[in-house]
Amino acid sequence: MIIPVLLCALGLPAGFLLIRRIPTCPPARAEAHVSLTIIVPARNEKRNLPRLLASIDSSANALAEVLVVDDGSTDDTAAVAESFGARVLPAGAKPAGWTGKSWACYQGAQNATGELLLFLDADTYFLRGGLDRVLSRWWRERDPRLVLSLLPYHAMNAAYEQLSLFFNVLMAAGAGGFGALTAPRLFGQSLLISKEEYFGAGGHATVRDVVLENLRWASTLRNCGARILCVGGQGTLHMRMFPDGVRQMSDSWAKAFIQGAADSGGVVLIFAIVWISALWSTALLLFIPGDYGRPSLAFVYFLLALQTAWLARRLGSYRILTCLLFPLPLAYYCAVFGCAGARRAMGRKTLWRGREV
């Protein structure tokens, strides 16, 4: 009886503290005009760009400059972008010591005409009125030093994508948990910042060699006096990350999650370890033979499943069944994380979009 009570006492608070709350964007309202450049770093993104660019076109801010930075694509990325009226900027040869995304973002910022810069990943897209709500949130704060970052809501169509559950939760927690445990950092998929603030903090050049540049750059911005605000994107900005199968999904999560864990900070890491330990211990004690107080364990398991659902369904279209069977996505998380750690220990890198990262 003591074991399940102890697990519940440790695991449930740890999980809730990982993501205490997710503030959202308010309804759009008219604001003073400010010029905006939307910068989309793109490498072989011909499938994703139409959805994103169409969602921008349908916005009241459709007159914003849209700059697609073509990072050495070998498909029709540039042609697709131009067909939607976007300005295409070839990123050029990536210098040694730069990641492709940071180089593309930096080139985009240097060539942008807007006073505000909105960086977006190509696999994101706005819901109706979403771009207007993002800008409204920025204006509502009335702080020129504000840096606004949205965590896109993870829209999933295929069953295998449900396995991303714990990656999504811990990614959100690693970016500061929306301020629940540590100062908020940034989400890599979206960033709204004034051009003056961007270059004043050195831009992506300060994190040129970092795969998860958002976590490292947040500290630089804060040291330069910027105020970071992280909000959830549900109903405003969504993303479809892994339409191409389990291999794409596994490679994407593996490419940087070890570094992300290291950059998340000790407090977040400790709470994550406690929570994952509680999840695993409860499941294993419930299903392996032995008298461990099964009714109490079943109750704790049910509480942890409800908690997982509360967290996950705020971040993506996760099903209740996925959360009830949380040992399955948890096993996937541990397997991918473990393989990534082993590869890093052996000095091997992950191949992503034709590049080693």
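Within any chain, residue numbers begin from 1 and follow the written order of that chain's sequence. Reporting of local features is limited, given that this is a predicted model, to residues whose pLDDT is at least 70; pairs of side-chain atoms are given and counted only at 80 or more, and all residues count toward the totals for whole chains, interfaces and linings. As a rule here, side-chain values come from all non-hydrogen atoms in the structure, and water together with hydrogens is ignored.

Chemist: Can you lay out the sheet that holds strand S5 (residues 124-126) for me, pointing to particular residues and giving the numbers?
Modeler: Paired strands are those between which DSSP finds at least two bridges. In this text, helices come from DSSP runs of H or I with a minimum length of four residues, and strands from runs of E with a minimum of two, each type numbered from the N-terminal end. If you walk across this open sheet you meet the 3 strands as S5-S10-S7, and the pairing is mixed. Two strands in the sheet have a free side with no partner beyond their single neighbour: S5 and strand S7 (153-154).

Chemist: Outline the packing of aromatic side chains, supporting the account with residue identities and numerical values.
Modeler: Aromatic rings from Phe, Tyr and Trp, with only the six-membered ring used for Trp, were paired whenever their centres fell within 6.5 Å, and each pair was classed as stacked if the ring planes differed by under 30 degrees, edge-to-face if by over 60, and tilted otherwise. Counted according to the given criterion, the structure contains 15 aromatic pairs. The interplanar angle of 85 degrees and the centroid separation of 5.7 Å between the aromatic rings of Trp-138 and Trp-139 together place this pair among those described as edge-to-face. Between Phe-287 and Tyr-301 the ring centres are 6.0 Å apart and the planes differ by 90 degrees, which places this aromatic pair in the edge-to-face class. With Phe-287 in helix H11 (residues 266-287) and Tyr-301 in helix H12 (residues 294-312), this pair connects stretches of sequence that are 14 residues apart. Remark: exposure states derive from per-residue accessible area (1.4 Å probe, protein chains only) relative to the maximum for the residue type, with buried under 20%, exposed over 50%, and partly exposed in between. By relative accessible area, Tyr-301 is classed as buried at 11%. Put simply, the rings of Trp-98, Trp-103, Tyr-106, Phe-119, Tyr-198, Phe-199 and Trp-217 pair up and form one aromatic cluster. In this arrangement the basic side chain of Arg-314 is found over the ring face of Trp-310, its NZ or CZ atom lying 4.3 Å from the centre. In our convention, an over-ring charge means Lys NZ or Arg CZ found within 6 Å of a ring centre and within 35 degrees of that ring's normal.

Chemist: If you had to explain the pattern of salt bridges to someone new, which residues and values would you point to?
Modeler: Every case where a carboxyl oxygen of Asp or Glu lies within 4 Å of a side-chain nitrogen of Lys or Arg is listed as a salt bridge. Going through the model one piece at a time under the given rule, you end up with 10 salt bridges. Linking Arg-145 and Glu-197 is a salt bridge whose minimum nitrogen-to-oxygen distance equals 3.0 Å. Taken together, the positions of Arg-145 in the loop between helix H5 (130-141) and strand S6 (146-151) and Glu-197 in helix H7 (residues 195-200) put the pair 52 residues apart, joining distant regions of the chain. Arg-145 gets classed as partly exposed once you look at its relative accessible area, which sits at 36%. Between Arg-247 and Asp-251 there is a salt bridge, with its nearest N and O atoms 3.0 Å apart. With Arg-247 and Asp-251 both in helix H9 (residues 246-254) and 4 residues apart, the pair spans about one turn of that helix. For Arg-247, a relative accessible area of 64% puts it in the exposed group. Each member of the salt-bridge network shares a partner with another, and the members are Arg-137, Glu-141, Asp-143 and Arg-227.

Chemist: For unusual backbone geometry, give the residues involved together with the corresponding values.
Modeler: Despite not being glycine, Asn-44 has its phi angle at roughly 55 degrees, a positive value. Locating Asn-44 in the fold gives a position in the loop between strand S1 (36-42) and helix H2 (49-57).

Chemist: How would you sum up helix H4 (residues 100-111)? Please name residues and give values.
Modeler: Any helix carries an expected span of 1.5 Å times its number of residues minus one. With 12 residues, H4 ought to run about 16 Å at 1.5 Å a step, and its terminal C-alpha atoms sit 17 Å apart, in line with that. Judged by how many residues are buried, H4 sits mostly within the fold: 9 of 12 residues are covered. Within H4, the full set of buried residues consists of Gly-100, Ser-102, Trp-103, Ala-104, Cys-105, Tyr-106, Gln-107, Gly-108 and Ala-109.

Chemist: Which residues make up the nonpolar core, and what are the values?
Modeler: Nonpolar cores are built from buried Ala, Val, Leu, Ile, Met, Phe, Trp, Tyr and Cys residues. Side-chain atoms within 4.5 Å join them into one set. Counting residues in each nonpolar core, the largest one holds 71 residues, and the members touching the most others are Phe-119, Ile-193, Trp-217, Leu-221 and Trp-253. With 8 residues, H12 is the single largest residue contributor to this core. Contacts of Trp-217, omitting those with residues within four sequence positions, involve Leu-186, Leu-191, Ile-193, Tyr-198, Ala-201, Gly-203, His-204, Thr-206 and Val-207. Judged by nonpolar contacts, the second largest core, of 32 residues, contains Ala-81, Leu-131, Leu-135 and Leu-150. Throughout, a residue-residue contact means that at least one pair of heavy atoms, one from each residue, lies within 4.5 Å.

Chemist: So what's going on with the environment of Cys-334? Which residues, and what values?
Modeler: Examined against the element boundaries, Cys-334 turns out to sit in helix H14 (residues 327-345). Distance in space between the C-alpha atoms of Cys-334 and Phe-167 is 9.7 Å, their sequence separation being 167 residues.

Chemist: Describe a nonpolar patch on the surface, listing the residues and the values that go with them.
Modeler: Residues qualify for a patch when their relative accessible area is over 30% and they have no salt bridge, like charges being joined within 9 Å and the nonpolar side chains of Val, Leu, Ile, Met, Phe, Trp and Tyr within 5 Å. The accessible surface values rely on the Shrake-Rupley method and a 1.4 Å probe; as for residues, cover is taken only from the protein chains in view. A grouping of Phe-302, Leu-306, Ile-320, Leu-321, Leu-324, Leu-325 and Leu-328 is seen on the molecular surface, where their side chains present a nonpolar patch of about 650 Å² in accessible area. Listed by contribution, the elements that provide at least two residues to the nonpolar patch are H12 and helix H13 (320-324). Position of Leu-321 among the secondary structure elements: in helix H13. Judged by relative accessible area, Leu-321 falls into the exposed class, the value being 56%.

Chemist: Tell me what's going on with H5, and back it up with residues and numbers.
Modeler: Taking 1.5 Å as the rise per residue, H5 with 12 residues should run 16 Å; its terminal C-alpha atoms sit 17 Å apart, in good agreement. Of all the positions in H5, only Gly-130, Leu-131, Asp-132, Arg-133, Val-134, Leu-135, Ser-136, Arg-137 and Trp-138 are classed as buried. Once H5 finishes, Arg-142 follows within two positions and takes phi at roughly 50 degrees, a positive value.

Chemist: Before we move on, could you go through the pairing of S1 and cite the residues and values that matter?
Modeler: Most of S1 is tucked away: 7 of the 7 residues are buried. Relative to strand S4 (residues 116-120), S1 is paired through 4 bridges, and the arrangement is parallel. For Ile-38, the partnering residue across the bridge sits in S4 and is Leu-118. In the sheet, S1 pairs with strand S2 (residues 65-70) via 6 bridges, with the strands oriented parallel.

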